[in-house]
Every structure is written in C-alpha cells, then in structure tokens.
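A closer look at the structure
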Amino acid sequence: MNKLIYLDNAATTKTAPEVVEAMLPYYTEQFGNPSSIYGIGAANKDVITEHREIIANALGAKTSEIYFTAGGSESDNWALKATAEAYQSKGNHIITSKIEHHAILHSCQYLESRGFEVTYLDVDENGVVDLEELKAAIRPTTILISIMFANNEIGTIQPIREIGEIAHEHGILFHTDAVQAFAQVPINVEEYHIDMLSSSGHKLNGPKGIGFLYIRTGVKIRSFVHGGAQERKRRAGTENVPGIVGYGTAVARAMRTMEERTAKEKELRDYMIERIENEIPYCRLNGHRTKRLPNNVNFSFRFIEGESMLINLDLNGICASSGSACTSGSLDPSHVLLAIGLPHEIAHGSLRMTLSEEITKEDIDYVIDHLKDIVALIRSMSPLYEDFLKKNNKGE
C-alpha cells in the first residue's frame with residue numbers, strides 16, 4: 001500500500017520541514033548549554049528568549065509568563081498539583097469536567113488521594129459545560145477551575161471566555177488545557193481571563209518533547225521539577241534548545257497560516273461530515289456541529305467495533321483513531337463519549353479523523369468511499385445488525 005492519508009493529527013502532526021531546518025544547527029554547531037558563561041552556550045539564552053517571545057505574542061501574554069516543559073501532560077500536572085500545594089491554605093476544592101484529558105483527570109485523582117476535593121462537571125450531548133452548573137459548583141474553598149479549551153476527541157470548543165469571567169468574579173484561578181486549540185483558534189489570555197494554559201509542540205507541526213505552561217504574573221505556584229535554576233527557578237533541567245527553537249518556529253508558522261489553513265480545514269471538515277451523514281446510515285456526529293475545532297470529525301457508527309474499522313482503514317492506507325492516542329491501548333470505551341450520553345455499544349464504534357493542511361478534497365472522497373465499504377462489510381458480519389434490519393423491515 002503506497003498511498004497514505006494521515007487523519008490522526010490530534011494524536012500528533014508531521015514536523016514541518018522549516019521547523020526541522022531551524023532546529024538542526026542547535027544539535028550541531030550551536031549545541032551549547034544556555035546556562036554556560038562562554039559564548040557558544042550563552043548565545044542560546046538569547047535564542048530561547050526570542051522564541052519564548054514568539055509564543056507569548058501568539059497568546060497576548062508577557063514573555064516572562066511562558067515556561068517551557070516537556071509537553072502538555074507535564075504542563076497539566078504542574079498547573080494542578082502545584083496550584084493545589086500553593087493555595088491549600090485558602091481551600092482544597094477543584095472544579096474540572098468529565099471530558100478532560102487524562103493528564104488532568106489522573107492529576108485530580110492523585111490530589112483526591114491527598115485530601116483535595118474535586119467536582120467533575122457533566123457536559124451536554126455536544127460536550128459543552130453548563131455555565132450555571134459551574135457557578136453552582138463553586139464553594140468558598142474552591143481554588144482552581146480547570147476546563148479544556150477544546151476536546152481532543154470530539155473537538156467541542158468550550159465557552160472559555162465566560163468560564164474565565166466566572167472564575168475571576170469569584171477570585172478563583174482558571175487553567176485551560178489548550179493542547180488541541182492553540183494555533184487552531186485565536187486565543188488571548190487577557191481577554192479570556194486565563195491564569196494558566198498548557199500547550200504541546202507536536203500538535204502544531206512542531207517537535208515532540210517540548211511544551212509550555214503559561215503562568216500569569218502573580219500566580220503563586222512553585223516548581224514542579226526540582227533541580228537547577230532554569231526557567232527563572234520554576235522548572236529545573238537543561239533547556240531543550242532545539243525543541244524550543246522548533247516550537248517557536250512552528251508557532252510562528254501556525255499563526256502566519258492560521259486564517260487560510262483553518263478556513264480550508266473547516267470546508268473539508270464540513271464536506272466530510274455531510275458525505276458521511278448522507279451516505280452511511282445509522283451514524284452519529286459527536287461533538288458540537290459548529291463550535292468545534294476546524295479539523296475535527298468524530299462519528300459513532302452503530303453495529304460497528306471501532307478497532308475493526310481502524311484496521312480496515314489502515315489496510316487502505318488511511319490513518320485514523322477511535323479516540324485519544326493516550327488511551328489507544330485500552331479496551332474501555334471513550335470516557336468522553338460516555339460523558340455525552342452514548343451507550344457503551346455505540347461508543348465502541350467511534351472514529352476520529354483529524355485533518356491537516358495537506359489533506360485534499362480528493363483525499364476525503366477516497367476515505368469516505370472506503371469507509372462506506374468498510375462499514376458495510378463489518379455490519380454484514382454482525383448478527384445484531386441483521387436482527388435490527390429484520391425488525392426494521394417488519395416495522396417493529
């Protein structure tokens with residue numbers, strides 16, 4: 001199979017050639033440790049500052065508010081655990097949602113084992129948090145609200161501005177996991193009242209192993225990784241200079257192309273959704289129809305087992321997923337799909353396809369033509385589908 005159509009960009013993206021090119025010198029000629037005082041190392045401090053500034057500008061943040069990490073999971077862990085530790089004299093209550101990434105959910109479980117209390121908000125059938133439920137969940141002891149900007153599985157974008165306003169009206173810190181949203185939709189941390197924000201380089205054609213946590217000036221959280229005095233004494237470890245350069249380059253590229261790129265992705269996304277809904281029976285679009293990431297398509301197909309779908313798609317050169325890449329080895333249905341009200345048997349038949357700027361209309365047609373055949377083939381071997389058709393034909 002020579003053809004390859006990659007539709008799993010929510011899991012990871014291809015590193016852009018200009019990003020790789022920008023990184024290469026920092027593995028060879030400009031390899032110095034930024035903490036060194038001699039020229040080959042000290043020069044890299046300025047390089048880090050330059051790329052930190054690019055990222056800060058993309059968020060409407062100050063350069064001093066960007067702290068580099070190893071990725072989104074570390075940033076999420078840092079935001080929750082360090083906030084809990086730093087503000088525990090004020091309270092021990094955290095609010096999040098049931099559809100967060102496991103980096104958030106497992107951090108919350110860890111904190112619960114240490115005496116903190118967590119409220120997990122329900123979402124509606126589209127995956128949207130109810131603002132009135134959020135307000136009702138706030139207690140005098142609430143110290144942090146953490147709601148993801150956009151869901152990594154179903155693509156739903158949350159009312160982040162309103163959530164930020166609620167948090168700040170009550171004097172509560174607000175963190176958002178923006179790993180999927182950063183550089184896909186406009187984000188301004190000041191306008192949205194965001195105190196902390198997590199991001200990861202490999203979701204936007206940057207390298208793996210690099211991320212950042214935006215921490216608003218005045219937020220009193222301590223180090224998460226202890227050791228040296230790097231990142232203004234807040235995150236120890238020799239700076240990943242090639243990764244930082246790659247990340248900054250990827251952000252500059254993503255911001256430069258965002259308007260045109262996402263307009264194309266939306267057009268193809270909506271075309272794909274329309275074809276699937278019109279041509280494949282007994283399917284359900286998961287996530288909000290319009291308030292969703294430009295590149296996200298997520299469907300559940302009745303009488304289908306998701307893994308069989310993925311294997312057959314792969315045999316035709318199509319890469320997709322059934323949910324989060326971080327839980328791809330699990331046999332349990334997606335916690336996100338269960339939270340929006342899908343029964344187990346339908347949640348198991350989910351398919352997530354996330355587009356990139358390289359995907360064409362011809363690619364989409366190829367994918368859907370094969371998907372139609374694959375769904376029909378799998379259903380033809382399902383006794384449940386056969387029984388369903390018999391009952392349907394009898395008008396039952």
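What this report covers is the structure whose coordinates are included nearby. (Residues numbered from 1 in each chain as written. Predicted model: local features only at pLDDT ≥ 70, side-chain atom pairs only at ≥ 80, totals over all residues. Heavy atoms only, no water.)

**With respect to the environment of H175**
For H175, the location among the structural elements is in strand β6 (residues 173-177). Among all residues touching H175, those that are not within four sequence positions of it are D76, A79, L80, I104, L144, I145, S146, I147, M196, L197, S198 and L213. A distance of 2.8 Å separates polar atoms of two side chains, one belonging to H175 and the other to S198. (Helix = DSSP H or I, 4+ residues; strand = E, 2+ residues; numbered from the N terminus. Contact = heavy atoms within 4.5 Å. Polar contact = N/O pair within 3.5 Å; in protein donor to acceptor, adjacent residues only side chain to side chain.)

**So, a negative patch on the surface**
A surface patch of negative charge is lined by D124, E125, D130 and E133. Within the secondary structure, D124 is located in the loop between β4 (117-121) and α5 (131-137). (Patch = residues over 30% accessible without salt bridge, like charges linked within 9 Å, V, L, I, M, F, W, Y side chains within 5 Å. Areas by Shrake-Rupley, 256 points an atom, 1.4 Å probe, with all protein chains shown as cover. Salt bridge = Lys/Arg side-chain N within 4 Å of Asp/Glu carboxyl O. Lys, Arg positive; Asp, Glu negative; His and termini not counted. Charge placed at Lys NZ, Arg CZ, Asp CG, Glu CD.)

**Overview of the pattern of salt bridges**
According to the stated counting rule, one finds 21 salt bridges in the structure shown. Salt-bridge contacts for E191 lead to R161; the nearest nitrogen and oxygen are separated by 3.9 Å. Residue E191 is found in the loop between β6 and β7 (196-200), and its partner R161 is found in helix α6 (residues 160-169); the two are separated by 30 residues along the sequence. Among the salt bridges present, the one from R216 reaches E190, with a minimum N-O distance of 3.0 Å. One end of the pair, R216, is in the loop between β8 (211-215) and α7 (230-233); the other, E190, is in the loop between β6 and β7, and 26 residues separate them in sequence. On the basis of relative accessibility, which here comes to 40%, the residue E190 falls in the partly exposed class. One network of salt bridges, with partners in common, ties together R275, E279, K361, D365, D369 and K372. (Buried < 20%, exposed > 50% of the residue type's maximum accessible area, 1.4 Å probe, protein only.)

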